[in-house]
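Fold and geometry: a report
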Amino acid sequence: MATPFDDVTVGSTPTGTTPGGATAFSTAPLRFAPGAIVAGRYRLVALLGRGGMGEVYRADDLTLDQPVALKFLPEEVAATDTRIAQFHNELRVARQVSHKNVCRLYDLGEADGRRFLTMEYVDGEDLSSSLRRFGRMPPDKAVQIARQLCAALAAAHERGVVHRDLKPANIMLDGAGRVRVMDFGIATVGGDDPTHAGTPAYMAPEQLGGQPATTRSDIYALGVVLYELFTGRSPVTDGPLPELVRRHSS
């Protein structure tokens, strides 16, 4: 399972980024070792990913006897009110959207002073990784993925949820090719958009201009994702923020 740490999200305070904009994978020691029991219920299996938004582990839920993913806040920011509020927001918003193509979030827990989210474990990889490995998708496969993405986004918008950070790194594909939209950490409900947040390469011109994100902003991001899906490349290349603004606007 890949994790949504491939692209920098404005406002997520990543630990480090590569020149191409990808979040650096930290080599710091793991706080939790495989086999450890967390919160008396979850047995950790392996680290799935690490980035500015924390660490994600695959785990076994010993109570329900099923695999799950645990997403921990980074230790250095685990005690900050802002990041804890962001974790609560992700759970609150994501649980409002019930759809087979949206990653399910279950609950919020704590272990050794570290807050974590429990969520559906998707055995696969993110769309960003797939596109890097294969380039553009075969047309029939691309259409299948596109339909599921549209259905997931429509389900979110019907509940008044604006994702604000739709991108290939936040879209999981399981072993059967089924889509899960994930990472609602900066999503909003009912037009409540107090901050300027998102990933610049996927942000609509009004977002880059500092205006609130709307469902139309998500649809713009969807268009960028679909362009990559069918062509294997982004319509907007990396560059300084002013240049990205110009390219999106034109």
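Up top is the structure.
Residues numbered from 1 in each chain as written. Predicted model: local features only at pLDDT ≥ 70, side-chain atom pairs only at ≥ 80, totals over all residues. Heavy atoms only, no water.

Thoughts on the pairing of strand E6 (residues 114-120)
Across the seven residues that make up E6, a large majority, six, are buried. Pairing between strand E5 (residues 105-111) and E6: six bridges, direction antiparallel. Its bridge partner lying in E6, Ala 111 is registered against Arg 114. Counting the residues between successive antiparallel strands, the hairpin from E5 to E6 contains two residues, one of them, Asp 112, with a positive phi of roughly 55°. (Buried < 20%, exposed > 50% of the residue type's maximum accessible area, 1.4 Å probe, protein only. Helix = DSSP H or I, 4+ residues; strand = E, 2+ residues; numbered from the N terminus. Pairing = 2+ DSSP bridges.)

Let's talk about the side chain of Asp 174
Tracing the backbone shows Asp 174 in strand E9 (residues 171-174). Take Asp 174: its relative accessible area is 10%, and that puts it in the buried class. Of the polar contacts made by the side chain of Asp 174, one reaches the backbone nitrogen of Ala 176; its length is 2.9 Å. Here Arg 180 takes part through its side chain, which lies 3.3 Å from a polar atom of the side chain of Asp 174. Aside from chain neighbours lying at most four places away, what touches Asp 174 is Val 122, Asp 123, Gly 124 and Arg 180. (Polar contact = N/O pair within 3.5 Å; in protein donor to acceptor, adjacent residues only side chain to side chain. Contact = heavy atoms within 4.5 Å.)

Focus on helix H1 (residues 81-94)
Over its 14 residues, H1 extends 20 Å from the first C-alpha to the last, a length consistent with the 20 Å expected when each residue adds 1.5 Å. In this structure, the buried residues of H1 make contact with strand E4 (66-72), E5, E6, strand E8 (161-162) and strand E11 (188-189). (Expected span 1.5 Å × (residues − 1).)

Regarding the nonpolar core
By size, the foremost hydrophobic cluster in this structure holds 45 residues, and its most contacted members are Leu 127, Met 137, Leu 149 and Phe 184. Where this core is concerned, the elements lending two or more residues are H1, E6, helix H2 (127-134), helix H3 (139-158), E9, strand E10 (179-181) and helix H5 (215-231). A per-element tally of this core places H3 first, with eight residues. With residues near it in sequence (within four places) discarded, Phe 184 still touches Asn 89, Glu 90, Val 93, Ala 94, Val 102, Val 161 and His 163. (Core = buried A, V, L, I, M, F, W, Y, C linked by side-chain atoms within 4.5 Å.)

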